[in-house]
Amino acid sequence: MKRISIYNEKGGSGKTTVTIMLASYLAYFCNKRVCVLDFDSPTYHFYQVREGELGIWKNPRSQLALWLKSNPILKPYDVFLVPTTTTGTYNYEDVMKFVMNIREQDYDYIIYDFPGRFSEEEPVALLAANGMVDFVAVPMDTDVQSRKSALIVCCALLDSGIPNVAFWNRVTRGEYEGNGNRFRKGAAPFTEYGIPVMKHSIREIKTFSRDSDELLFVRSTLCFPDKFIRQRCQFMFDFLEELKDIIDRADETLNQKFDK
């Protein structure tokens, strides 16, 4: 069992979107037992995406509904809301008990969807401090603030002994095709601290389609249409394959062993 997270304390860095893609890839393409724990109170965005997709059948023109009717799945992977107190905060004992109960089940991957907060009272710090996080992948955009936030998170995880890797997210067409030097410079501070940066990145998905329904189809919690994704955005497949390999190889010395 691997307990993992896509995390950056900067809001809007793509944590939930990448979590959806990774969970669906592991469950529907790799046939793994996957569970997602949604800690993002009060919005619970991941859970809301799942609930919305369960009602998608009402739209007969939806790409997702059409695909699911032709490719039915036996059972979607599990998504659970992590309960909070009446004041909307997390109670230490309740969180630990909830996560420990999930650990008793036979999952291959437990994925935490954390909110972008990194204080000692937040679940990400609580679980990390108690040895219940095995690996973290940290997304970052090409802007300076996003890179700084990612570096802070990676260093904090490294100090806690948690293997982690940074990756580029929402890379534009122009950046991908002609500005590799910018990525090398941006990755330099990470490699100086011994933090690996993934070879593959996630490009701005809107660059391959303006159809919002088609984008939801790609980022679904109910399917992973691998042939469609290979045809339209091979970069996503390459990224997820690399990330799975890194996660599966992760141990306490990953950050020292990783080929920079």
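What you are looking at is a predicted structure, and each value in this text was computed from that prediction instead of being measured. (Residues numbered from 1 in each chain as written. Predicted model: local features only at pLDDT ≥ 70, side-chain atom pairs only at ≥ 80, totals over all residues. Heavy atoms only, no water.)

Let's talk about the overall build of the protein chain
- For the protein chain, the helix and strand inventory stands at 12 helices and six strands.
- The 260 residues of the protein chain split such that 52% are buried.
- In the protein chain, 77% of the contacts between residues at least 6 apart in sequence involve partners at least 24 apart. (Helix = DSSP H or I, 4+ residues; strand = E, 2+ residues; numbered from the N terminus. Buried < 20%, exposed > 50% of the residue type's maximum accessible area, 1.4 Å probe, protein only. Contact = heavy atoms within 4.5 Å.)

A closer look at the pairing of strand 6 (residues 164-168)
- Among the five residues of strand 6, five are classified as buried, and the element is accordingly described as predominantly covered.
- Burial along strand 6 is two-sided: N164, A166 and W168 facing one way and V165 and F167 facing the other are all buried.
- Between strand 5 (residues 135-140) and its parallel partner strand 6, the chain crosses via helix 6 (residues 144-159), and the hand of that crossover is right-handed. (Right-handed = clockwise from strand over helix to strand, strands pointing away.)

Concerning empty space enclosed by the protein
- As enumerated under the stated definition, the model contains one cavity of 30 Å³ or more in all.
- Estimates place the volume of the largest cavity at around 50 Å³.
- Of the residues in the lining of the largest cavity, the class split is nine nonpolar, one polar and no charged. (1 Å grid on protein atoms, 1.4 Å probe; cavity = no way out; pocket = protein on both sides within 12 Å on 5 of 7 lines; lining within 4 Å. Points joined across faces, edges and corners; volume = space filled by probe spheres on them. Nonpolar A, V, L, I, M, F, W, Y, C, P; charged D, E, K, R; others polar.)

Some points on the side chain of R50
- Along the chain, the position of R50 falls in helix 2 (residues 45-54).
- E53 provides the closest opposite charge to the buried, unpaired R50, separated from it by 4.9 Å.
- Ignoring sequence-local partners within four residues, the contact set of R50 consists of Y28, P76, Y77, V79, T221 and L222. (Lys, Arg positive; Asp, Glu negative; His and termini not counted. Salt bridge = Lys/Arg side-chain N within 4 Å of Asp/Glu carboxyl O.)

Side note on the environment of G131
- Tracing the sequence through the fold places G131 in the loop between helix 5 (123-129) and strand 5.
- Taking C-alpha positions, G131 is 9.3 Å from G161, a pair spaced 30 residues apart along the chain.

Here's the deal with the pairing of strand 1 (residues 2-6)
- In terms of burial, strand 1 is a largely internal element, four of the five residues being buried.
- Relative to strand 4 (residues 109-113), strand 1 is paired through four bridges, and the arrangement is parallel. Across the sheet, S5 pairs through a bridge with Y112, a residue of strand 4.
- Relative to strand 5, strand 1 runs parallel, the two sharing three bridges. Within the sheet, the bridge partner assigned to I4 lies in strand 5 and is F135. (Pairing = 2+ DSSP bridges.)

Quick notes on the packing of aromatic side chains
- Applying the stated rule across the entire model yields 15 aromatic pairs.
- Taken together, a centroid distance of 5.5 Å and an interplanar angle of 15° make the contact between Y25 and F29 stacked. One end of the pair, Y25, and the other, F29, are both in helix 1 (residues 15-29), four residues apart, so they sit about a helical turn from each other.
- For F29, a relative accessible area of 30% translates into the label partly exposed.
- On the numbers, 5.9 Å between centres and 85° between planes, the contact of Y25 with F237 is edge-to-face. One end of the pair, Y25, is in helix 1; the other, F237, is in helix 11 (residues 234-249), and 212 residues separate them in sequence.
- The class of Y25 is buried, set by a relative accessible area of 4%.
- Between the NZ or CZ atom of R50 and the centre of the ring of Y77, over which it lies, the distance is 4.9 Å.
- Here the basic side chain of R230 rests over the ring of F237, its NZ or CZ set 3.7 Å away from the ring centre. (Phe/Tyr/Trp six-rings, centres within 6.5 Å; stacked < 30°, edge-to-face > 60°. Lys NZ or Arg CZ within 6 Å of the ring centre and 35° of its normal.)

With respect to the pattern of salt bridges
- By the definition in use, this model includes six salt bridges.
- Between K75 and D78 there is a salt bridge whose closest N-O contact spans 2.7 Å.
- Residue class for K75 comes out exposed when judged on its relative accessible area of 54%.
- What makes D78 buried here is its relative accessible area of 16%.
- We note a salt bridge from D141 to R170, for which the minimum N-O separation is 3.0 Å. On the criterion of sequence distance, the pair formed by D141 in the loop between strand 5 and helix 6 and R170 in the loop between strand 6 and helix 7 (173-178) is long-range, its members being 29 residues apart.
- Classification of D141 as buried rests on a relative accessible area of 12%.

Everything listed is a geometric property; what it means functionally is a separate question.
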